[in-house]
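# A look at the structure
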Amino acid sequence: MIVPGNLFILSAPSGAGKSSLIKALLKPESLASARPMQVSVSHTTRDPRPGENNGEHYHFVSVEAFKAQIANNAFYEYAEVFGNYYGTSEAAIDAQLAQGIDVFLDIDWQGAQQVRMKKPSVTTIFISPPSKEELENRLRGRGQDSEEVIASRMEQAQAECSHYKEFDYIIVNDDFDQALLDLTTIVNNQRLKCRQQSIAQQALFSKLLENDHKKA
Ligand SMILES: Nc1nc2c(ncn2[C@@H]2O[C@H](COP(=O)(O)OP(=O)(O)O)[C@@H](O)[C@H]2O)c(=O)[nH]1
Ligand SMILES: Nc1ncnc2c1ncn2[C@@H]1O[C@H](COP(=O)(O)OP(=O)(O)O)[C@@H](O)[C@H]1O
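Naming follows an unreviewed UniProt entry, where the protein chain appears as Guanylate kinase of Colwellia echini. Regarding the protein chain, the relevant UniProt record gives this comment under Catalytic activity (unreviewed entry): "GMP + ATP = GDP + ADP". As stated in UniProt under Function (unreviewed entry), the record for the protein chain gives "Essential for recycling GMP and indirectly, cGMP."

Here you go:
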């Protein structure tokens, strides 16, 4: 029997480092690589950035196509972020979890609220930058957004951060290696919890005790 995968959410203000952390977590040499893992590829109506590929970083779609998917109830969750739509395909997530794959959703706080309602067992993680100044440095250092976009993201960062208490875990991404270790520990801890539950469900201990009784 396949044990279903675990679902994780990572939320953060834009530029805090969540894509970098997920990428490092999914590397074959990562300390979390004992189980298959995938990051969910969202649908978005925003334009691709240089170097972003359709189907790999996002499924880039028109507003009309996105709205048609909303009408078809195709999204596990969706939200409007920075004036664009973003959403997670329900069918894709369900298929991955059913195959025993751990799935990571890189979504905003609005999406996290929707997923929590549907799947209370989800593990939610908030990635915080060490400071406002450092967040701005990282957004600028990434070199992919205009000054106007950076200003709007800094404004939105405040709103995103105000929801940090809704998350199971908070990681401050100051030293990258420490943040990655924290993330890896959370992921492996959740897997251990699931294994413990399945041991309890199979009532292994009561079977062992039964045998002891028979011997006595
Ligand atoms: N609710 C929701 N948010 C998403 C989804 N995909 C991405 N986001 C969020 O949208 C925001 C902007 O993402 P993006 O345009 O890639 O910018 P970046 O976070 O600066 O790289 C981030 O907070 C993402 O976590 C999704 O499927 N659903
Ligand atoms: N701990 C860190 N220290 C310094 N720079 C970092 C750290 N984590 C990420 N970065 C850099 O910050 C920028 C934004 O990171 P990214 O992963 O794209 O953020 P997000 O996905 O949250 O928008 C990238 O240039 C990345 O290399």
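Text resumes after the structure shown.
### Things to note about the sheet that holds strand β2 (residues 37–39)
Reading across the sheet, the five strands line up as β2-β7-β1-β8-β9 and stay open at both edges, with parallel pairing between neighbours. On the outer flanks of this sheet lie β2 and β9 (169–172), each paired with one strand and no other. Geometrically, the sheet is characterised by an average inter-axis angle of 25° between neighbouring strands, direction not taken into account. Where helix α4 (residues 109–118) meets the sheet, its contacts fall on β1 (7–11), β7 (102–106) and β8 (123–128), and the angle it forms with β1 comes to roughly 155°.

### Topic: a nonpolar patch on the surface
Among the surface-exposed residues, Y164, I170 and V172 lie close enough to one another that they form a single nonpolar patch of about 260 Å² accessible area. Within the element layout of this structure, V172 appears in strand β9.

### Points about the nonpolar core
Core analysis: the biggest nonpolar cluster contains 24 residues, and L25, I125, I127 and L183 have the highest contact counts within it. With residues up to four places along the chain from it excluded, the contact list for L25 reads S30, A32, M37, F104, L180, L183, T184 and V187. Residues I9, L97, V103 and V122 belong to the second largest nonpolar core, which totals 13 residues.

### Things to note about the sheet that holds strand β6 (residues 84–89)
Strand order in the open sheet made by the four strands is β4-β3-β6-β5, with mixed pairing throughout. Of all the strands in the sheet, just β4 (59–60) and β5 (75–81) have a single pairing partner and so form its edges. Here strand β3 (residues 43–44) pairs with β6 via two bridges, running antiparallel. From the neighbouring strand, T44 faces β6, where its bridge partner is Y86.

### Comments concerning the pairing of β1
Most of β1 is tucked away: five of the five residues are buried. Neither face of β1 is exposed, since L7, I9 and S11 on one face and F8 and L10 on the opposite face are all buried. Pairing of β1 with β7, which is carried by four bridges, proceeds in the parallel orientation. In the strand pairing of β7, L7 is matched with V103.

### A closer look at the packing of aromatic side chains
Centre distance and the angle of the planes are the two values used to describe a pair of aromatic rings. Applying the stated criterion across every chain, the model contains eight aromatic pairs. Look at F75 and Y78: their rings are 6.1 Å apart centre to centre, the planes differ by 45°, and that puts the pair in the tilted class. Classification of Y78 as partly exposed rests on a relative accessible area of 33%. Ring centres of F126 and F167 lie 5.4 Å apart, and the angle between their planes is 55°; on these two criteria the pair is classed as tilted. With a gap of 41 residues between them, F126 in strand β8 and F167 in the loop between α6 (147–161) and β9 connect regions that are remote in the sequence. Take F126 and F167: they sit in the same class, and that class is buried. Taken together, F66, F75, Y78 and Y85 form an aromatic cluster joined through their ring pairs. Over the face of the ring belonging to F167 we find R116, whose NZ or CZ atom lies 5.0 Å from the ring centre.

### Some details on the UniProt feature "domain: Guanylate kinase-like" (unreviewed entry) in the protein chain
The feature "domain: Guanylate kinase-like" (unreviewed entry), as annotated in UniProt, sits at residues 5–188 in this numbering. Helix makes up 41% of residues 5–188 and strand 22%. Its end C-alpha atoms lie 12 Å apart.

### What about the site of ligand 1?
Inspection of the region around ligand 1 gives 20 residues, with S14, R46, Y58, Y86 and R153 positioned closest. Side-chain polar atom of E77 to a nitrogen atom of ligand 1: 2.7 Å apart, as the coordinates give it. Taking G87, its main chain carries an N or O atom lying 3.3 Å from an oxygen atom of ligand 1. For ligand 1, whose accessible area on its own is 570 Å², the fraction buried by protein is 97%. When atom positions are compared with the pocket grids, ligand 1 is found to occupy the largest pocket. At the level of secondary structure, the elements contributing two or more residues to the shell around ligand 1 comprise β5 and β6.

Conventions adopted
- Residues numbered from 1 in each chain as written.
- Chains lettered and ligands numbered in written order.
- Predicted model: local features only at pLDDT ≥ 70, side-chain atom pairs only at ≥ 80, totals over all residues.
- Heavy atoms only, no water.
- UniProt positions renumbered as here; feature names shortened; annotations may be inferred.
- Pairing = 2+ DSSP bridges.
- Helix = DSSP H or I, 4+ residues; strand = E, 2+ residues; numbered from the N terminus.
- Axes fitted to C-alpha atoms, helices over the stretch in contact; angles between N-to-C directions.
- Contact = heavy atoms within 4.5 Å.
- Patch = residues over 30% accessible without salt bridge, like charges linked within 9 Å, V, L, I, M, F, W, Y side chains within 5 Å.
- Areas by Shrake-Rupley, 256 points an atom, 1.4 Å probe, with all protein chains shown as cover.
- Salt bridge = Lys/Arg side-chain N within 4 Å of Asp/Glu carboxyl O.
- Core = buried A, V, L, I, M, F, W, Y, C linked by side-chain atoms within 4.5 Å.
- Buried < 20%, exposed > 50% of the residue type's maximum accessible area, 1.4 Å probe, protein only.
- Phe/Tyr/Trp six-rings, centres within 6.5 Å; stacked < 30°, edge-to-face > 60°.
- Lys NZ or Arg CZ within 6 Å of the ring centre and 35° of its normal.
- Near = heavy atom within 4 Å.
- Polar contact = N/O pair within 3.5 Å; in protein donor to acceptor, adjacent residues only side chain to side chain.
- 1 Å grid on protein atoms, 1.4 Å probe; cavity = no way out; pocket = protein on both sides within 12 Å on 5 of 7 lines; lining within 4 Å.
- Sits in = over half its atoms within 2 Å of the grid points.

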